[in-house]
Amino acid sequence: MYAVDEQDVPRLHVRNISLQLARCELANDYKQRPNVIRIHACDRTILIECKDRIDALTWLEHLQAAANIASSLEDRSMPKFHTLPR
């Protein structure tokens, strides 16, 4: 995964992030780049840009599935399915 710093220079960025109690959503209010996913995890907010809307929805589905199974059975809530308006 590549991150972009303040000068828009891509650099390799590697960090382990726990998805336990994470929230993953489409960042529709983020207008600088299209097809961005927002992850709230480990007291951080991470933005991931995808190549198109289908790729973003695929990533979002997999990230939400991973976040749903990262918690113990007692702490899990029912999964939320996000759909796009027509």
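This text follows the structure it describes.
Note that this is a predicted model, so its numbers are computed, not measured.

Draft legend 1. Representation of the pairing of strand 4 (residues 36-41) within the structure. With respect to burial, strand 4 is a largely interior element, five of its six residues being buried. Pairing of strand 3 (residues 23-26) with strand 4 involves four bridges; the strand directions are antiparallel. Directly across from C24, in strand 4, lies its bridge partner I39. Summarising the sheet, strand 4 and strand 5 (residues 44-49) pair through six bridges and their orientation is antiparallel.

Draft legend 2. Geometry of unusual backbone geometry. With a phi close to 55°, C42 is a non-glycine residue in the positive phi region. Relative to the helices and strands, C42 is located in the loop between strand 4 and strand 5. The phi angle at D43 is positive, at roughly 60°, despite the residue not being glycine. By secondary structure assignment, the location of D43 is in the loop between strand 4 and strand 5.

Procedures and definitions
Residues numbered from 1 in each chain as written. Predicted model: local features only at pLDDT ≥ 70, side-chain atom pairs only at ≥ 80, totals over all residues. Heavy atoms only, no water. Buried < 20%, exposed > 50% of the residue type's maximum accessible area, 1.4 Å probe, protein only. Helix = DSSP H or I, 4+ residues; strand = E, 2+ residues; numbered from the N terminus. Pairing = 2+ DSSP bridges.

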